[in-house]
Amino acid sequence: MHEKALDLSCYLVAIKENTQDLKEMIMAKQYDRLYLGYGYCERLIDFISYEDMIAYVHSLQLPITFSLPPVHQRYLHKYENLVIQIMDEDIIDEVVVNDESMLMLCDLKELYKKKKIILGRLFNHAIRETRFDITTIPEMTDSIFTLNQSFYKEHFHISGFEGDTLVDGILTLDDENYSIYYPRIYLSRMTYCEYFAINKKPSQKYNLNLGCSFPCQSIYQKYENTRLPIIKYENTIYTLQRKPIEDCVKGNYRIIYFGGCQ
């Protein structure tokens, strides 16, 4: 039986409003673990506080994985403080990092002495093609984990890796330290987000040092594609896996349900 987790990063409004329906759904589905965090946008730390997120899930009595987004200079100090808070939180036993800055920060703070450190799926630069079938070229479909895993394990105390299902083909895993997102498949993310720029003057639209009013929390965009839909949520682009998880992945892995059927 695979461990079953739910990523709550697309439920930030519900958490902020302390919605009981979400808690009831979590308990009814009998998840083994919850993922907290700010998706892949560092600015969302100003939308909902870490304390409010922890308070919301505490009564559920489930282990927590906290996922850190890529972080630029403007938010670095806030995430330094966040890592210190995470270090002392008992219900968090894993931390996901999605860029080198957070990897280095967690290493410098020696977070690995108290929490497992997981390399997030933004480290995976495998080819992602949603319009054409690339299974005829095995070198393209077999490259889901393209990074040098032994290097990161040796130098950064890494305990596991995240990934996505393949658009085409079957992913075979022989290591229990993999976590696979389903059904949304990550495609790309943007530093310059159009939602962030919506209400700003032209001279301010691409200034990363400015704050955000978070219009993204009320917007969900879906586009029809040649084969699979394209989903734009917050500053990230996804596609949607339409096959059952059992037809996509073989072996040992944790399922992280994210942005679709649970």
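A short tour of the structure in this document, coming up. As the structure is a computational prediction, the values presented were derived from the model and not from experiment.

**Topic: helix α2 (residues 20-29)**
Okay, step 1: Among the residues of α2, those classed as buried are L22, K23, M25 and I26. Mapping the buried residues of α2 onto a view down its axis gives an arc of 160°, with all of them on the same face. α2 presents D21, M27 and A28 as exposed residues on the side facing more than 90 degrees away from its buried surface.
Okay, step 2: Here the buried face of α2 lies against β1 (4-7), α1 (12-16), β2 (33-37) and α3 (50-58).
Okay, step 3: At the exit of α2 stands Q30, carrying a positive phi of roughly 55°.

**Let's talk about the packing of aromatic side chains**
Okay, step 1: Within this structure, the stated rule accounts for 15 aromatic pairs.
Okay, step 2: Centre to centre, the rings of Y31 and Y257 are 6.4 Å apart; their planes meet at 65°, and the pair counts as edge-to-face. With a gap of 226 residues between them, Y31 in the loop between α2 and β2 and Y257 in strand β13 (residues 254-258) connect regions that are remote in the sequence.
Okay, step 3: Classification of Y31 by relative accessible area gives buried; the value is 4%.
Okay, step 4: Between Y152 and F156, the aromatic rings sit 6.1 Å apart at their centres with planes inclined by 35°, giving tilted as the arrangement. Residue Y152 and its partner F156 are both found in helix α7 (residues 149-156); the two are separated by four residues, about one turn of the helix.
Okay, step 5: Take Y152: its relative accessible area is 14%, and that puts it in the buried class.
Okay, step 6: The ring of Y233 has R184 sitting right over it, with the charged end atom 5.3 Å from the ring centre.

**Focus on α3**
Okay, step 1: When we look at burial in α3, the residues that qualify are Y50, M53, I54, Y56 and V57. Viewed end-on, α3 has its buried residues packed into an arc of 160°, placing them on one side of the element.
Okay, step 2: For α3, the secondary structure elements touched by its buried residues are α1, α2, β2, β3 (64-67), α4 (73-87) and β4 (92-97).

**Some remarks on the pattern of salt bridges**
When charged atoms on two side chains of opposite charge get close, those side chains can pair.
Okay, step 1: Evaluation of the coordinates by the stated rule reveals nine salt bridges.
Okay, step 2: A salt bridge links K113 to E110; its shortest N-O distance comes to 3.1 Å.
Okay, step 3: Taking relative accessible area as the criterion, K113 reaches 58% and is therefore assigned exposed.
Okay, step 4: Overall, E110 belongs to the partly exposed group, its relative accessible area being 36%.
Okay, step 5: In this structure, R121 and D164 form a salt bridge, with 2.3 Å as the shortest nitrogen-oxygen distance. Pair noted here: R121 is in the loop between β5 (116-119) and α6 (138-141) and D164 is in strand β6 (residues 158-164), with a separation of 43 residues, a long-range link.
Okay, step 6: On the basis of relative accessible area, R121 is assigned to the buried category, the value being 0%.
Okay, step 7: Three or more residues are tied together by salt bridges with common partners; here these are E3, R33, D93, E94 and R254.

**A short note on the side chain of E94**
Okay, step 1: Topologically, E94 is positioned in strand β4.
Okay, step 2: For E94, a relative accessible area of 5% puts it in the buried group.
Okay, step 3: Of the polar contacts made by the side chain of E94, one reaches the side chain of R254; its length is 2.9 Å.
Okay, step 4: Beyond its immediate sequence surroundings of up to four residues, E94 is in contact with R33, Y35, I64, T65, F66, K116, I118 and R254.

**Things to note about the environment of M87**
Okay, step 1: Along the polypeptide, M87 turns up in helix α4.
Okay, step 2: The buried category is assigned to M87, whose relative accessible area is 18%.
Okay, step 3: Between the alpha carbons of M87 and Q73 there is a distance of 22 Å; along the sequence they are 14 residues apart.
Okay, step 4: Look past the residues within four positions of M87 in its chain and what remains in contact with it is K109, L111, K114 and K115.

**A word on the state of the cysteines**
Okay, step 1: The final tally for this structure, using the stated rule, is zero disulfides.
Okay, step 2: A disulfide-free cysteine, C212 has its sulfur positioned 6.0 Å from the sulfur of C216, the nearest such atom.

**With respect to the packing of helix α5 (residues 100-108) against α7**
Okay, step 1: Running from amino to carboxyl end, α5 crosses α7 at an angle of 30°, the nearest separation of the two axes being 11 Å. Considering their axes alone, α5 and α7 lie roughly parallel with respect to each other. Seen from α5, the contacting residues are E100, L103, M104 and D107; seen from α7, they are Y152, H155 and F156.
Okay, step 2: Classifying every residue of the contact of α5 with α7 gives four nonpolar, one polar and two charged.

Parameters and conventions
- Throughout this description, residue numbers start from 1 for each chain and increase along the sequence as written.
- Reporting of local features is limited, given that this is a predicted model, to residues whose pLDDT is at least 70; pairs of side-chain atoms are given and counted only at 80 or more, and all residues count toward the totals for whole chains, interfaces and linings.
- By convention in this description, side-chain values take in all heavy atoms of the structure and omit both hydrogens and water.
- When a residue's accessible area, from a 1.4 Å probe over protein chains only, is under 20% of the maximum for its type it is buried; when over 50% it is exposed; and in between it is partly exposed.
- Secondary structure elements are taken from DSSP: a helix is a run of H or I of four residues or more, a strand is a run of E of two residues or more, and numbering for both begins at the N terminus.
- Here the arc refers to the directions that run from the helix axis out to each C-beta atom.
- Throughout, a residue-residue contact means that at least one pair of heavy atoms, one from each residue, lies within 4.5 Å.
- For this analysis, a ring pair means two rings from Phe, Tyr or Trp (six-membered ring only for Trp) whose centres lie within 6.5 Å, classed as stacked if their planes differ by under 30 degrees, edge-to-face if by over 60, and tilted for the remaining angles.
- Charges are assigned to positions over rings by a cutoff of 6 Å between ring centre and Lys NZ or Arg CZ, combined with an angular limit of 35 degrees from the ring normal.
- A pairing counts as a salt bridge when a side-chain nitrogen of Lys or Arg comes within 4 Å of a carboxyl oxygen of Asp or Glu.
- Under the rule applied, a polar contact is a pair of N or O atoms within 3.5 Å (in protein, one hydrogen donor and one hydrogen acceptor; residues adjacent in sequence only if both atoms are side-chain atoms).
- Disulfide: a pair of cysteine sulfur atoms within 2.5 Å of each other.
- Note on geometry: axes are lines fitted to C-alpha atoms, helical ones only across the stretch in contact, with angles between N-to-C directions running from 0 to 180 degrees.
- When an angle is under 35 degrees it counts as roughly parallel; over 145 it counts as roughly antiparallel; between 65 and 115 it counts as roughly perpendicular; any other value is oblique.
- Polar here means any residue other than Ala, Val, Leu, Ile, Met, Phe, Trp, Tyr, Cys and Pro, which are nonpolar, and Asp, Glu, Lys and Arg, which are charged; Gly is therefore polar.

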